[in-house]
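An overview of the molecular structure
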Number of protein chains: 2
Amino acid sequence: MELDRLDRDIIAALVEDARATFADIGHQVGLSASAVKRRVDRLRETGAITGFSARVAPQALGWTTEAYVELFCQGKTKPSDIALAVAKFPEVVGAATITGEADALLHIRATDVRHVERVIERIAAESFVVRTKSSIVLSRLVDAPPGTTVPEPRNGSPAQL
Amino acid sequence: MELDRLDRDIIAALVEDARATFADIGHQVGLSASAVKRRVDRLRETGAITGFSARVAPQALGWTTEAYVELFCQGKTKPSDIALAVAKFPEVVGAATITGEADALLHIRATDVRHVERVIERIAAESFVVRTKSSIVLSRLVDAPPGTTVPEPRNGSPAQL
DNA sequence: GTTGAAAAGAATCGACT
DNA sequence: AGTCGATTCTTTTCAAC
């Protein structure tokens, strides 16, 4: 699907404030409220916008500790095996298979270090897990809302380069 | 600040759909629209809710590639030095100082592998960076909206354990 | 593709329990 | 703390450009 500058500006406005009125967004991007609405409807239908979410301060909810855990798995382990296993844990807020020595990298949020330890223990107990390597987060430096910045897609110059 | 069950249910509803009406949320949690509004206003004032954001499919905007980069820094490097340096790159969507061999872990979103390479090159050029170790993401398994799940804070049993 | 107006619906505020 | 009702603003739809 093709996104023009207007679409990208509208998305940026909605990432900034998902509860902004269509009139407000229209004022920012130079469009009428109904024009904005029709574009937002289209962006949702095509899947560019997948929903709207409150931004929450994790520590306000008790999530004061986070960690990254590298997973080393048995040779025949499929990504879907890992996905299925880690999906059981609400503490796993991110997971991806990666290149390099480790097979996967997990991002964990927990209430304290002891809690992190318990979660890692349970994940390490999965049959396909050979070993894990954990790093506790000391301080978070950047936590961008996904999609805050918008590159020129495919053609033209990539963002900030 | 104290969050009761109602506050946590309201937050969960807003993480699910930030554009839900106060009446809808009230119906879900058993409260009137104005009671919900007053609690949401308070949650925003106290900082538990920091804003509302559209969820965007990164690939729809051209962010088709992601990577994690470990940063090894000189002895006297301060976290704020790293924060300042990486904040210049919109491609760096996450960053944290961590325990272990590396000093920091960066999460990068880019348009393609070549783009990732260019960003790493520029970050590696920072004076305090000794070396980097990169992992390209092969497939994303979990990408939870931050704060989707809500633990019992401090007291009681932590989430799912 | 766009705009503008009218009807339905939601947010907001005050008074009250 | 909570609800209810009135006013104002927004969303939504539709006709027209």
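Calculation notes
- Residues numbered from 1 in each chain as written.
- Chains lettered and ligands numbered in written order.
- Predicted model: local features only at pLDDT ≥ 70, side-chain atom pairs only at ≥ 80, totals over all residues.
- Heavy atoms only, no water.
- Helix = DSSP H or I, 4+ residues; strand = E, 2+ residues; numbered from the N terminus.
- Polar contact = N/O pair within 3.5 Å; in protein donor to acceptor, adjacent residues only side chain to side chain.
- UniProt positions renumbered as here; feature names shortened; annotations may be inferred.
- Phe/Tyr/Trp six-rings, centres within 6.5 Å; stacked < 30°, edge-to-face > 60°.
- Lys NZ or Arg CZ within 6 Å of the ring centre and 35° of its normal.
- Near = heavy atom within 4 Å.
- Contact = heavy atoms within 4.5 Å.
- Buried area = accessible area lost by both parts, 1.4 Å probe.
- Salt bridge = Lys/Arg side-chain N within 4 Å of Asp/Glu carboxyl O.
- Nonpolar A, V, L, I, M, F, W, Y, C, P; charged D, E, K, R; others polar.
- Pairing = 2+ DSSP bridges.
- Axes fitted to C-alpha atoms, helices over the stretch in contact; angles between N-to-C directions.

An unreviewed UniProt entry annotates chain A as DNA-binding Lrp family transcriptional regulator originating from Nonomuraea angiospora.

**So, the side chain of His115 of chain B**
Considering the arrangement of structural elements, one finds His115 of chain B in helix H5 (residues 113-124). For His115 of chain B, the side chain forms a polar contact with the side chain of Glu91 of chain B, separated by 2.8 Å.

**Describing the UniProt feature "domain: HTH asnC-type" (unreviewed entry) in chain A**
Mapped onto this numbering, the UniProt entry gives "domain: HTH asnC-type" (unreviewed entry) at residues 3-64 of chain A. Taken end to end, residues 3-64 of chain A has its terminal C-alpha atoms 38 Å apart, with 53% of it in helix and 13% in strand.

**What to know about the packing of aromatic side chains**
For the structure on display, the rule yields 0 aromatic pairs over all chains. One residue, Arg19 of chain A, lies across the ring of Phe52 of chain B, its end atom 5.4 Å from the ring centre. One cation-aromatic arrangement involves Arg131 of chain A over Phe72 of chain A; the distance from NZ or CZ to the ring centre is 3.9 Å.

**Digging into the protein's contact with DNA strand C**
All residues adjacent to DNA strand C are Arg19, Ser32, Ser34, Ala35, Arg38 and Arg39 of chain A together with Thr21, Phe22, Ser34 and Lys37 of chain B. Within the side chain of Ser34 of chain A, a nitrogen or oxygen atom sits 3.2 Å from a base oxygen of DNA strand C. Here Arg38 of chain A contributes a side-chain N or O atom positioned 3.0 Å from a base oxygen of DNA strand C. Those elements that provide at least two residues to the surface near DNA strand C are helix H3 (33-45) of chain A together with helix H3 (33-45) of chain B. No other element matches the 4 residues that H3 of chain A contributes to the surface near DNA strand C.

**So, the interface of chain A and chain B**
Taken together, the contact between chain A and chain B spans 73 residues of the former and 74 residues of the latter. Each partner contributes to the roughly 6600 Å² buried at the junction of chain A and chain B, and carbon and sulfur atoms together form 59% of this total. A per-residue breakdown of the area chain A buries against chain B is headed by Arg19, Leu61 and Leu141 of chain A, which together make up 11% of the total. The closest approach of N and O atoms between Lys133 of chain B and Glu101 of chain A, which form a salt bridge, is 3.3 Å. Connecting chain A to chain B are 34 residue pairs in polar contact (both at pLDDT 80 or more). Counting only elements with at least two residues in the side of chain A that touches chain B, the list comes to helix H1 (5-16), strand S1 (49-56), helix H4 (79-86), strand S3 (92-98), helix H5 (113-124) and strand S5 (129-143) of chain A. In terms of residue count, S5 of chain A provides more of the side of chain A that touches chain B than any other element does, 10 residues in total. Tallied by class, the residues present in the side of chain A that touches chain B amount to 43 nonpolar, 16 polar and 14 charged.

**Remarks on the sheet that holds strand S3 (residues 92-98) of chain B**
Taken in spatial order, the 8 strands of this closed barrel run S2(A)-S4(A)-S3(A)-S5(B)-S2(B)-S4(B)-S3(B)-S5(A), and their pairing is antiparallel. Put simply, the sheet's adjacent strands are angled 35° from each other on average, direction ignored. Pairing of strand S2 (residues 65-73) of chain B with strand S5 (residues 129-143) of chain B, which is carried by 7 bridges, proceeds in the antiparallel orientation. Its bridge partner being in S5 of chain B, Glu70 of chain B is matched across the sheet by Lys133 of chain B.

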